Amino acid sequence: SVPDFDNLPAVEGHPQGCAWGVFDKDGKKDHYGTLNFLTPEIVAAAAKEVKDGVSISLNWPLNGIKFPFPHRKAPVHKPISLREAGMEVDGFDDELEINTQFSSQWDSLCHVVLPSGETYNGFKPSVELLQTTSTEGNDLPTLDHWHSPGKGCLVARGVLIDFKRYVEETTGKTYDSLDGHRITVEDIEAVAKHQGVEIKPGDVLIVRTGYTEFLENPTPEGFAKMATMSLSGVHGTAETARWFWNKRIAAVASDAHAFEALPPLKENGEAGAVSDLVLHKWFLTYFGLPIGELWDLKALGEYAKQKGKYSFLLTSVPLNHPGLVASPPNAVALF
Ligand code: UVW
């Protein structure tokens with residue numbers, strides 16, 4: 001068992017709640033962070049969620065965003081004729097070049113670093129270190145380690161917090177994922193209660209805002225709003241982070257752009273910049289808690305509503321490439 005947020009051992013130079021060292025074992029620095037909550041007992045209990053034999057993909061198309069996006073290039077898909085490539089056979093291969101942050105993704109614990117260059121557990125990623133040729137030779141907490149022997153990627157109980165549906169059902173108004181609304185932990189608890197779902201240790205908590213659905217059918221007014229980068233998501237504060245740690249959440253995901261509401265708020269309450277992302281710092285860097293973004297949650301929300309069941313078995317197998325900072329999640333919800 002690990003201590004609550006307020007009782008975590010102090011880590012010099014970092015705030016109370018920094019969990020570095022907590023999961024280390026046999027003198028070895030841990031790479032998995034809160035995925036350590038996924039014990040065989042937790043995984044076996046999650047498997048009992050499957051009753052209907054129904055599986056739902058949570059992966060938005062790699063080219064889901066149909067317009068140029070600053071700093072991140074769109075995927076390039078190149079089908080190749082085998083014969084033209086010189087092979088004595090008719091058929092096709094293909095090549096795919098992607099920025100792993102462009103569509104549904106996991107952010108690994110190396111995605112953002114502190115001004116000191118440190119990330120989770122004090123690891124110091126750099127382009128040179130990330131450009132590795134092997135997982136074993138790479139001591140950074142990158143996603144390929146999820147494939148290490150005995151790890152088997154991510155299998156957990158998923159819980160959907162369908163915030164968009166909750167607001168629309170309880171107020172009769174359309175919930176706009178572009179209005180910069182900040183979803184508090186009290187909101188999350190209220191939605192869980194409304195949906196009749198309990199949040200348990202080791203859960204992957206998944207929050208639906210409707211953002212990818214807007215991106216599928218963008219309107220000129222929506223575009224204008226989007227340009228302000230004022231997007232709905234979970235309220236990024238240390239108190240929010242404390243709640244997630246104390247609940248022993250193994251990972252989080254959302255259809256939102258950054259999981260947390262944008263712009264982030266600085267401690268004095270003023271709007272901050274990307275470098276001020278609050279939950280990225282707490283989750284990825286201090287807790288070792290992976291963040292999923294831009295997941296496709298529409299079909300999941302519809303099925304959960306139809307069945308009145310918001311918990312399921314979640315499996316996710318990121319790409320297995322040495323030094324991978326982010327990856328499509330290849331996530332499936334099973335009911
Ligand atoms: C940053 O842009 C830093 O993060 P993300 O895309 O994961 O929200």
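Quantities reported herein were computed from a predicted structural model and do not represent experimental measurements.

Rules used in this analysis
- Residues numbered from 1 in each chain as written.
- Predicted model: local features only at pLDDT ≥ 70, side-chain atom pairs only at ≥ 80, totals over all residues.
- Heavy atoms only, no water.
- Axes fitted to C-alpha atoms, helices over the stretch in contact; angles between N-to-C directions.
- Helix = DSSP H or I, 4+ residues; strand = E, 2+ residues; numbered from the N terminus.
- Parallel < 35°, antiparallel > 145°, perpendicular 65-115°, else oblique.
- Contact = heavy atoms within 4.5 Å.
- Nonpolar A, V, L, I, M, F, W, Y, C, P; charged D, E, K, R; others polar.
- Buried < 20%, exposed > 50% of the residue type's maximum accessible area, 1.4 Å probe, protein only.
- Pairing = 2+ DSSP bridges.
- Left-handed = near helix turned anticlockwise from the far one by under 90°.
- 1 Å grid on protein atoms, 1.4 Å probe; cavity = no way out; pocket = protein on both sides within 12 Å on 5 of 7 lines; lining within 4 Å.
- Points joined across faces, edges and corners; volume = space filled by probe spheres on them.
- Core = buried A, V, L, I, M, F, W, Y, C linked by side-chain atoms within 4.5 Å.
- Near = heavy atom within 4 Å.
- Polar contact = N/O pair within 3.5 Å; in protein donor to acceptor, adjacent residues only side chain to side chain.
- Areas by Shrake-Rupley, 256 points an atom, 1.4 Å probe, with all protein chains shown as cover.
- Phe/Tyr/Trp six-rings, centres within 6.5 Å; stacked < 30°, edge-to-face > 60°.
- Lys NZ or Arg CZ within 6 Å of the ring centre and 35° of its normal.

### Overview of the packing of helix 4 (residues 185-195) against helix 7 (residues 238-246)
Packing of helix 4 against helix 7 brings their axes to within 10 Å, and their N-to-C directions diverge by 45°. Taken together, the axes of helix 4 and helix 7 lie oblique to each other. Contact residues: Val-185, Ile-188 and Glu-189 in helix 4; Thr-240, Trp-243 and Phe-244 in helix 7. For the contact of helix 4 with helix 7, the per-class residue count stands at four nonpolar, one polar and one charged.

### Here's the deal with the pairing of strand 13 (residues 331-334)
The two faces of strand 13 differ: Ala-331 and Ala-333 on one face are buried, but Val-332 and Leu-334 on the other face are not. Bridge analysis of strand 11 (residues 311-316) against strand 13 gives four bridges, and the strand direction is antiparallel. Looking at strand 13, one finds that Leu-314 is bridged to Ala-333.

### Details of the packing of helix 7 against helix 8 (residues 278-287)
At their nearest, the axes of helix 7 and helix 8 sit 9 Å apart, and the two run at 40° to each other. Comparing their axes, helix 8 and helix 7 come out oblique. In this structure, helix 7 meets helix 8 at a crossing whose hand is right-handed. Note on element contacts: helix 8 touches helix 7 through Val-278, Leu-279, Trp-282, Phe-283 and Phe-287, opposite Ala-238, Thr-240, Ala-241, Phe-244 and Trp-245. Each residue belonging to the contact of helix 7 with helix 8 can be placed in one class, and the counts come to nine nonpolar, one polar and no charged.

### Some words on empty space enclosed by the protein
A full pass over the atoms with the stated rule returns two cavities of 30 Å³ or more. By volume, the largest cavity is sized at about 50 Å³. Lining the largest cavity we find Leu-62, Lys-73, Ala-74, Pro-75, Ile-98, Asn-99, Thr-100, Phe-102, Ser-103, Ser-104 and Pro-328. Split into classes, the residues belonging to the lining of the largest cavity amount to six nonpolar, four polar and one charged. Reported here for the second largest cavity is a volume of approximately 40 Å³. In this structure, the second largest cavity is lined by His-31, Tyr-32, Leu-35, Asp-107, Ser-108, Leu-109, Pro-141, Leu-143, Trp-146 and Pro-290.

### Some words on the nonpolar core
Judged by nonpolar contacts, the single largest core of 72 residues is most densely connected at Leu-154, Leu-205, Phe-244 and Phe-283. Ranked by residues supplied to this core, first place goes to helix 8 with seven residues. With sequence-adjacent residues up to four places away left out, Phe-244 is seen in contact with Val-185, Ile-188, Leu-205, Val-234, Ile-249, Val-252, Phe-259 and Phe-283. Grouped together as the second largest cluster of nonpolar side chains are 15 residues, Phe-69, Met-226, Ala-258 and Leu-277 included.

### Some details on the site of the ligand
Around the ligand sit Arg-72, Gln-101, Asp-107, His-111, Val-112, His-257, Ala-258, Val-274, Leu-277, His-280 and Glu-293, and those are all the residues in its vicinity. Within the side chain of Asp-107, a nitrogen or oxygen atom sits 2.8 Å from an oxygen atom of the ligand. Interatomic distance of 3.0 Å between a side-chain N/O atom of His-111 and an oxygen atom of the ligand. The fraction of the free accessible surface of the ligand (260 Å²) that becomes covered by protein chains is 84%. Of the residues in the shell around the ligand, the class split is four nonpolar, four polar and three charged.

### Quick look at the sheet that holds strand 4 (residues 105-107)
Taken together, the nine strands give an open sheet; going across it, the order is 1-13-11-5-7-9-10-4-12, and neighbouring strands pair in mixed fashion. At either margin of the open sheet sits one strand with a lone partner, and together these are strand 1 (55-57) and strand 12 (326-327). Of the strand pairs in this sheet, strand 1 and strand 13 are connected by three bridges, and their pairing is antiparallel. The residue of strand 13 that forms the bridge with Ser-55 is Leu-334. Contacts from helix 8 reach strand 4, strand 9 (251-254) and strand 10 (291-293) within the one sheet, and its direction differs from that of strand 10 by about 130°.

### Let's talk about the packing of aromatic side chains
Following the criterion strictly, the structure yields 22 aromatic pairs and no others. Geometrically, the ring pair formed by Phe-23 and Phe-37 is edge-to-face, given 5.5 Å between the ring centres and 80° between the ring planes. Taken together, the residues span a long stretch of sequence, with Phe-23 in the segment before helix 1 (40-47) and Phe-37 in the segment before helix 1 at a distance of 14 residues. Each member of the pair, Phe-23 as well as Phe-37, carries the same accessibility label: buried. Taking the centre distance of 5.4 Å and the plane angle of 40° together, the rings of Phe-312 and Phe-335 count as tilted. Taken together, the positions of Phe-312 in strand 11 and Phe-335 in the segment after strand 13 put the pair 23 residues apart, joining distant regions of the chain. Residue Phe-312 is classed as buried on the basis of its relative accessible area, which comes to 0%. Members of the aromatic cluster, connected to one another through ring pairs, are Phe-5, Trp-20, Phe-23, Phe-37, Trp-243, Phe-244, Trp-245, Phe-259, Trp-282, Phe-283, Tyr-286 and Phe-287. In this arrangement the basic side chain of Lys-29 is found over the ring face of Phe-123, its NZ or CZ atom lying 4.9 Å from the centre. Seen from the ring of Tyr-32, Lys-151 lies directly overhead, with NZ or CZ sitting 4.1 Å from the centre.

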